[in-house]
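Inside the fold
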Amino acid sequence: MKKTAVLLYPQFSEYELTVALSILMQGKKQVITVGLNKQPIKGESGLSCVADATVDEINFEEIDSLLLPGCMDIMSLYEEERIVDFIKQVVTKETVIASISSSPFLLAKAGVLGDKKYTVGIIKENMEKSGVFNLENYSEQIVVQDGNIITARGRGFVRFGEYLGKALNLEFDEKWYSE
């Protein structure tokens, strides 16, 4: 079975991954965390993680899906071309891509969003300043799925995880996540 790559970077938002990771676990989907190096990566709430592999070590043939958390300051990654290159290499027409909060910025910068509908947790002014978004395809919805690309705003993390599980055809109990 192929794996879901979870890309981690400094100040990643831990809570935005919780439901998606739980659904991947329930569905017995293998996960590999990926970072720029093997140093601890501190999330926005202080949780430190060490990636299983670096962007340079990953075997792209083992990956069929990509999960991107938001980031406290996504613009701090603006010049990090290794992340953009990794995204470009992992994405195929069949790759399921799940990107939440500010991380659709990375997809837009990598040219992955193209003409796809999307949402993002960045204010319009900053979207315009970044110069990477097709603003005509932006949606105010909490979660947007256009083909194999799922985007969400941070507060939609429960529905976001469910969309990912369904896109990967995983068996999971949706009642675990209802209020």
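Structure's up top.
These notes cover the structure that comes with them. (Residues numbered from 1 in each chain as written. Predicted model: local features only at pLDDT ≥ 70, side-chain atom pairs only at ≥ 80, totals over all residues. Heavy atoms only, no water.)

1. Observations concerning the overall build of the protein chain
Helix and strand counts for the protein chain come out as 5 helices and 9 strands. Taken from the N to the C terminus, the helices and strands of the protein chain come in the order β-α-β-β-β-β-β-α-β-α-α-β-β-α. Radius of gyration (C-alpha) of the protein chain: 15 Å, near the 16 Å computed for a compact globule of 179 residues. Expressed as lengths along the three principal axes of its C-alpha atoms, the size of the protein chain is roughly 40 × 35 × 35 Å. Across the 179 residues that make up the protein chain, the buried fraction comes to 53%. For the protein chain, restricting intrachain contacts to residue pairs at least 6 apart in sequence, the fraction spanning at least 24 positions comes to 65%. (Helix = DSSP H or I, 4+ residues; strand = E, 2+ residues; numbered from the N terminus. Rg over C-alpha atoms; globule rule 2.2 N^0.38 Å. Buried < 20%, exposed > 50% of the residue type's maximum accessible area, 1.4 Å probe, protein only. Contact = heavy atoms within 4.5 Å.)

2. So, the layout of surface pockets
Of the voids in this model, the largest pocket is the one considered here, and its volume is about 150 Å³. Along its surface, the largest pocket is lined by 14 residues, and C71, M72, D73, S102 and G121 are the ones closest to its centre. Taken together, the residues that form the lining of the largest pocket break down as 5 nonpolar, 6 polar and 3 charged. (1 Å grid on protein atoms, 1.4 Å probe; cavity = no way out; pocket = protein on both sides within 12 Å on 5 of 7 lines; lining within 4 Å. Points joined across faces, edges and corners; volume = space filled by probe spheres on them. Nonpolar A, V, L, I, M, F, W, Y, C, P; charged D, E, K, R; others polar.)

3. Brief notes about the sheet that holds strand β9 (residues 149-152)
The 7 strands are arranged β5-β2-β1-β6-β7-β9-β8 in an open sheet whose pairing can be described as mixed. The sheet terminates laterally at β5 (53-54) and β8 (143-146), the two strands that pair on one side only. Looking at chain direction, strand β2 (residues 31-35) and β5 are connected through 2 bridges and run parallel. Its bridge partner lying in β5, G35 is registered against T54. Along the sheet, helix α5 (residues 157-167) makes contact with β6 (63-68), β7 (96-100), β8 and β9, crossing β7 at roughly 175°. (Pairing = 2+ DSSP bridges. Axes fitted to C-alpha atoms, helices over the stretch in contact; angles between N-to-C directions.)

4. Description of the pairing of β8
Direction of pairing for β8 relative to β9: antiparallel, over a ladder of 4 bridges. Residue pairing across strands places V144 opposite T151, the latter belonging to β9. Hairpin connection, β8 to β9: the antiparallel pair is bridged by 2 residues, and G147 has positive phi, about 65°.

5. Here's the deal with the environment of S45
With respect to the helices, strands and loops of the structure, S45 is situated in the loop between β3 (41-42) and β4 (48-49). Look at S45 and you get exposed, because its relative accessible area is 60%. Expressed as a C-alpha distance, the spacing of S45 and M75, which sit 30 residues apart in the sequence, is 18 Å. Side chain to side chain, S45 and E14 meet in a polar contact 2.9 Å long. (Polar contact = N/O pair within 3.5 Å; in protein donor to acceptor, adjacent residues only side chain to side chain.)

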